Amino acid sequence: MLATTTLALAALLCGGPSAGDSFALRATRVHVGDGTVLENAIVLVKDGKIVDVGQGVAFDKDVPLIEHDGDLSAGLVALRDYAGIGAEGADSTRAVMDAADLRYAFDSDHPDMARLAESGITTVVLAPGSGSNVVAGMPVVVKPTVRVLRAKGSLHVDLSASGTSFNRYPSSYAGVLEVLEERFAAGEGAFGELKAGRMTVMLEAESRAETSRALDFASRHKLRGYLVDSQRAGELAAKVKASGLGVAVGPFAIGGDRKEVESAVSLAKAGVPIGFALDTPTNAPAMLRLSAATAMRAGLDRDAAFKALTSGAAALAGVGDKVGAVRAGMEADLVLWTGDPVDPTSRAVAVYIDGDLVHEAPETDEEDED
Amino acid sequence: MLSLLLTAATLAPIPALGAEDTTQTSWNIHAERVYTGTGEVLKNALIAVEDGKIASIRPGRSAPEGAIQAKAITAGMIDLSVRVHGGFRSVEQAREIQPHLSVEPAIDLYDPAWKRLAASGITTALLSPMDRNVIGGHAVVLKTAGPEELAARKVTTPRPILRGAIGSEPSSGNHPAFGTPTDFYSRRPTTRMGVEWEWRKAFFDAVNAGGDESRDFPGAEELRSCLRGERLLIIQAWATQDIRTAIYLKEEMAREGFGNLDLVIDAAAEAWREPDFLTRNKTTIILPPFPAGGRTTDGAFLAWNRTAELAGMGVRMCLSSHGASNATEKLERQGAYARRAGLTFDQTLAAVTTNPAAVLGLSDQLGTVEVGRDADLVLWSGTPFEASSRVVGVLVAGELARDPR
C-alpha cells in the first residue's frame, strides 16, 4: 500500500493539483488531535486548509484521492528551536532587547529547515539564544521551509542566571528583577502588550528557586505563556498549575537526567499544559519524538504525549486555532506516518504544509534500512 | 493522665490541607537538662510543642511514652552571618551603593546547604548579599527548615536590616580605568580609602537630597531611614582599621546631626584590639569562626584569649560560622571554641541564641526556651558546647529537622 501511496504522491508532484486546488487523503488511522482516532477516514484539503474530516466525506470525482496505508496526523510542533539561526539569535550588547524580532533571523531556505520538515515537524518556535540578556527578543513561530506563522506574539524574559552578566548591569538576580519591574512600570513596547494580555511570555528559569521566582513574577504581572529550561518544574507542579503557565519540556537527551523526565510527567499529571523544546541544530529533529517516547517510558500516557507534540504545543505557541489538529478550518499541515506518530520507529513518509507537499520519503528508504 | 494526653500521637494535628501539609509540628520532648537561656536550668523537663510553638515546659517529670528524649536542650542557634545565596548574583555590582535592593531574589531554598545548617543546630539565619559592594542591600531572616517557599520561611523583623562592608572586599575586582572603561569594574573604589569615601558620600548625598526629588537616587530613602534608626545597619569589618572606620562613620553622622546609625559589626575579628571603640557606642559585634593560628580574612588576627575580656567589658557579641561549610567551623563548634577561649557557659549560650535574637529585634519570639516562643530547639548528646557533646536533634518551628531517634 505504501507503494500505491508514493505513486499517488508522485502523480501529485508531476502536474497534479497544487495549493489552491483540492485533494483528499485517506489513511488507515487519522489522529484528529483531540484523542480520537478515525479508522479509514478521509481528510479533504482545499486552498491549503482542511475542509472536512471523516469516514464518509464526499468529494468531487475530479478531486485526486491519495491512499495511505498508515497513520495521518497534524504536523508536530516544537516549542523552542534555533534552526538556521546560527549566531544571529541574540544581541547581548544591551540587557533588554525587547524590540528584537526573531522574524529577521528566520531563513526558510536553510538546510536546518528542510531537516525539520522531513521529520514531520511543521511548526517551530524560533527563540533567541541565551546571550546574557534579561529580555533577548520576540520569538517567532514559523513553518519550516515555508513561512512565518506568527510574529510579535511573545516575548522572551529570562529570570535565570543566564539573564545576568558578569560585567554589565544587571549582574544579579535583584538587578534582573529591578530592570524588569522598571520596564513593566513604564509599560512601553512589548511590555505594554504583555500587560494588556496581547502578548505571551517565553519565560526562562532553570533551577527550582529560579522557577519559583519566575512563577511569582508571572503571577504578579498576570503573564500567560510558558516556561523554558525549567528542568525540575514538575517538583513545583501545583504552583505551576496555579500560575496558568505551560512548560516546554525536554529535549531529553539519551542518558540524561531522569529527574528532568519525571518532572515533565508530574507536570502533565497535574494538568499543566506541556510541549517539547527541540533545540536544533544542537539536536537532531528526531529528538522531538524521542523525547515524547522517553516521557512515555517514564509514565506519560500516549494521548498526553501526542497532545504535547501537536495541539497542546500549538496552543502554548499561540497558534492553536491554526495548526496542531486535523479539523475542518485548520491549516493543512499534515504528516503521513508509517505507524503511530508517537512511536519512534514510525517514519514520516509525506509531509504537507499549507496543503503543499514539502517532503516525500524516497521509495528506497525501507530497503536501505535492511 | 495529662501527660498521656499530651503524647505526640494525640497531639498530632489533623491534616486538613492535603498530603504536602502534614508535617508534624506538635511533639513531646523530654530532657535531663533544659538550658532555657533566661539563666535557668530545668531538670528532667518535659516540653510540649504545639503547632510550632512551645506550649508548656514542666520540670521534674519523667519521659512519657513516645516522647523524644535528649540529654540537654537549648534554644535553636541563630547565625547572623550565613551565606547560602547565589554568590556573585546575590549582589548587584553595577553600582557600589544599592540600599534599595535585597538579597531575597538570590535565595535558593532548594540549596542542600539549608538541610546541613538545620542539622547543625542553626534554626534561624540572617542571609546577606555577598560583600562585594560597599552597600550591598538588605539582608533577610529565614528559618533554616520548612517549605521551600519564602513566604513560609521568612521571619519578619521589626526593622529592615541593611548590609554593607568596609575593608578590602568591596573594592576587590575593581580596577582603575585607563582610557575608555571596558566594564563596570573600571570604577571607584579600588582601595579601602575609596570604600570609606563611598560610605560617607552615600549618607551625605542621601541627607542633602532629602526632599529634593531631582537629587534623590535609588536607595537614598533607605539610607535616610537608617539615619533615623528605622533600619539596622550591619557592616562587615574584619581588621581594626576597618572597625574604626565603621565607628567613625557612626560618630560622624551623629556629630553632623544627620542621625544615629544603629550599627552592628560583622566579622569583627580584631574587635579585641580596641574595645573602647565598641563600648563607648554600645556596638554589637558578630565574631567570625575562631581560626586555627588566629589569622583570618583581610589580614585580621583573632586572638582567642582576648574574647573573654571583650565579653567581660560588656560588649554584646554573637558567634557565627560566616558561611563556613566545613565541620570544624560550624556554629555548634564555635560554641565549644568560645568556651575554650574563656567565655562562660551563659555568655556562650547567649552569643548563639539571645544576643542574635536581640540584634534582630526578635527577643520575644526567638532565643530562649519559654512558653509561647517558636519551637526552635537543639537537642544535645551531653552538656552543650562541651568538646565531646554534639547536636543530635533539631526542631525548627516545631518541625523535626533532625530526628534524634
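Residues numbered from 1 in each chain as written. Chains lettered and ligands numbered in written order. Predicted model: local features only at pLDDT ≥ 70, side-chain atom pairs only at ≥ 80, totals over all residues.

Caption draft 1: View of the environment of Arg244 of chain B. With respect to the secondary-structure elements, Arg244 of chain B resides in helix α7 (residues 240-255). Those residues in contact with Arg244 of chain B, other than ones at most four positions away along the chain, are Glu274 and Phe277 of chain B. (Helix = DSSP H or I, 4+ residues; strand = E, 2+ residues; numbered from the N terminus. Contact = placed C-beta atoms within 7 Å.)

Caption draft 2: Summary view of the interface of chain A and chain B. In this assembly, 17 residues from chain A lie in contact with 20 residues from chain B. Elements supplying a minimum of two residues to the side of chain A that touches chain B: α3 (173-186) and α5 (208-220) of chain A. With five residues, the top contributor of residues to the side of chain A that touches chain B is α3 of chain A. Tallied by class, the residues present in the side of chain A that touches chain B amount to seven nonpolar, six polar and four charged. (Nonpolar A, V, L, I, M, F, W, Y, C, P; charged D, E, K, R; others polar.)

Caption draft 3: Seen up close, the packing of helix α8 (residues 287-297) of chain A against helix α9 (residues 302-309) of chain A. All names here are of chain A. It is at 10 Å that the axes of α8 and α9 come closest, and there the two elements cross at 155 degrees. By the criterion of interaxial angle, the relationship of α8 to α9 is roughly antiparallel. The two elements α8 and α9 cross, and the hand of that crossing is right-handed. Facing Leu288, Arg289, Ala292, Ala295 and Met296 of α8, the residues of α9 in contact are Arg302, Ala305, Ala308 and Leu309. Grouping the amino acids of the contact of α8 with α9 by side-chain chemistry returns seven nonpolar, no polar and two charged. (Axes fitted to C-alpha atoms, helices over the stretch in contact; angles between N-to-C directions. Parallel < 35°, antiparallel > 145°, perpendicular 65-115°, else oblique. Left-handed = near helix turned anticlockwise from the far one by under 90°.)

Caption draft 4: Region of interest: the domain arrangement of chain B. Residue and element names in this part refer to chain B. In terms of domain boundaries, chain B breaks down into domain 1 (1-76 + 367-405) and domain 2 (77-365). If you average the C-alpha positions of domain 1 and of domain 2, the two centres end up 31 Å apart. Listed by partner, the interface residues are 23 residues for domain 1 and 25 residues for domain 2. For the side of domain 1 that touches domain 2, the secondary-structure elements that each account for two or more residues are β4 (68-75), β14 (391-396) and β15 (399-402). Across the side of domain 1 that touches domain 2, the residue classes tally to 11 nonpolar, six polar and six charged. (Domains from an automatic or database assignment.)

Caption draft 5: View of the domain arrangement of chain A. All names here are of chain A. With domains assigned, chain A is organised as domain 1 (2-75 + 324-369) and domain 2 (76-316). One C-alpha centre belongs to domain 1, the other to domain 2, and the line joining them spans 30 Å. Taken together, the 19 residues of domain 1 in the interface contact 26 residues of domain 2. Among the elements of the structure, β4 (65-74), β15 (348-353) and β16 (356-360) are those that each provide at least two residues to the side of domain 1 that touches domain 2. At three residues, β15 tops the list of elements feeding residues into the side of domain 1 that touches domain 2.

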